[in-house]
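Here's the letter readout for the chains.
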Amino acid sequence: MMKYFLSLVFTVSSGIAVAQSNIVESLQTNVPGQGKVTVHQDAQITDMIGKRFVRTGSSEAQRVIKTRGYRVQVYAGNNSRQARDEANIVAEKVKEKFPDMPVYTFFQPPRWLCRVGDYKSIEEAHVAMRLLKAEGSFKEVAIVREQINIPIE
């Protein structure tokens, strides 16, 4: 009899968890024997809960989810102007040879970096790394773990 009672409690509690669409609703749910939580905030904030990131591109809004993944690093320099120029030159080469690969050039103190791709698995990153190495123009090719962008369509 106790097994049936526990399974009923588990089923009901998991059904309540599924019915709640976000953390605010979950916090404000009245549970007998527990305290009461009231959240006062703008409705727009509640609407944004669960949306990880929205980025606006130059021509149109592009929505992406930020998550941990892999990129292929094709350049790492120092913090000089020459290193910035070299990172941009390498980025242009990658865009020319592999137009379907996203390229990211940025300064991460103390150096300029150029990284390629948004790969969820290390296997995908390894395939891209082999393509970049086989091209022959890129000397410093390595897989790095980084926050990546996954487009939402």
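Remember, it's a predicted structure, so these values are computed and weren't measured experimentally.

Caption draft 1: Layout of the overall build of the protein chain. What the protein chain contains, in helices and strands, is 5 helices and 5 strands. Taken over 153 residues, the protein chain has a buried fraction of 26%. Residue pairs at least 24 apart in sequence account for 64% of intrachain contacts in the protein chain once pairs closer than 6 positions are excluded. When the accessible surface of the protein chain is split by element, carbon and sulfur atoms take 56% of a total near 11,100 Å².

Caption draft 2: Representation of the confidence of the model for the protein chain within the structure. Predicted confidence across the protein chain gives a mean pLDDT of 80, with 73% of residues reaching 70 or more. Averaged pLDDT values over the elements of the protein chain bottom out at 47 in strand β1 (residues 54-56) and peak at 95 in strand β4 (residues 111-119). For the stretch residues 14-20, pLDDT sits under 50, and the model shows 4 contacts to residues farther than four places along the chain or on other chains. Of the regions scoring below 50 in pLDDT, residues 53-59 engages in 13 contacts with residues more than four places distant in sequence or in other chains.

Caption draft 3: Just unusual backbone geometry, in detail. Across the junction of Pro-109 and Pro-110, the peptide omega takes the value 10°, indicating a cis bond. Its location among the elements puts Pro-110 in the loop between β3 (103-108) and β4.

Caption draft 4: Region of interest: the pattern of salt bridges. The tally for this structure, following the rule as stated, stands at 5 salt bridges. The closest approach of N and O atoms between Glu-146 and Arg-115, which form a salt bridge, is 2.4 Å. Here Glu-146 is found in strand β5 (residues 142-151), whereas its partner Arg-115 is found in strand β4, with 31 residues between them in sequence. In this pair, the class of Glu-146 matches that of Arg-115, namely buried.

Caption draft 5: Just the side chain of Glu-146, in detail. Under the relative-accessibility criterion, Glu-146 is labelled buried at 11%. Looking at Glu-146, its side chain comes within polar contact range of the side chain of Arg-115, at 2.4 Å. Excluding anything up to four places from it in sequence, Glu-146 contacts Thr-67, Arg-68, Gly-69, Tyr-70, Arg-71, Phe-106 and Arg-115.

Cut-offs and rules
- Numbering of residues starts from 1 in every chain and runs along the sequence as written.
- Local features in a predicted model are, by the rule used here, given only for residues with pLDDT of at least 70; side-chain atom pairs are given and counted only at 80 or more, and totals for whole chains, interfaces and linings are based on all residues.
- Only hydrogens and water are set aside; all other atoms, that is, all heavy atoms of the structure, feed into the side-chain values.
- Under the scheme used here, helices are H or I runs from DSSP no shorter than 4 residues and strands are E runs no shorter than 2 residues, and both carry numbers assigned from the N terminus.
- Accessible area is worked out with a 1.4 Å probe on protein chains only. A residue is then buried under 20% of its type maximum, exposed over 50%, and partly exposed in between.
- The contact definition used throughout considers only heavy atoms, calling two residues in contact when any of these lie within 4.5 Å.
- Residue burial considers only the protein chains on display, and all accessible areas are found by Shrake-Rupley using a 1.4 Å probe.
- The pLDDT value tells you how sure the predictor is about a given residue, anywhere from 0 up to 100.
- Here, a salt bridge means any Lys or Arg side-chain nitrogen found within 4 Å of an Asp or Glu carboxyl oxygen.
- Residues adjacent in sequence count toward polar contacts only when both atoms are side-chain atoms; beyond that, a polar contact is any pair of N or O atoms within 3.5 Å, and within protein one must be able to donate a hydrogen and the other to accept it.

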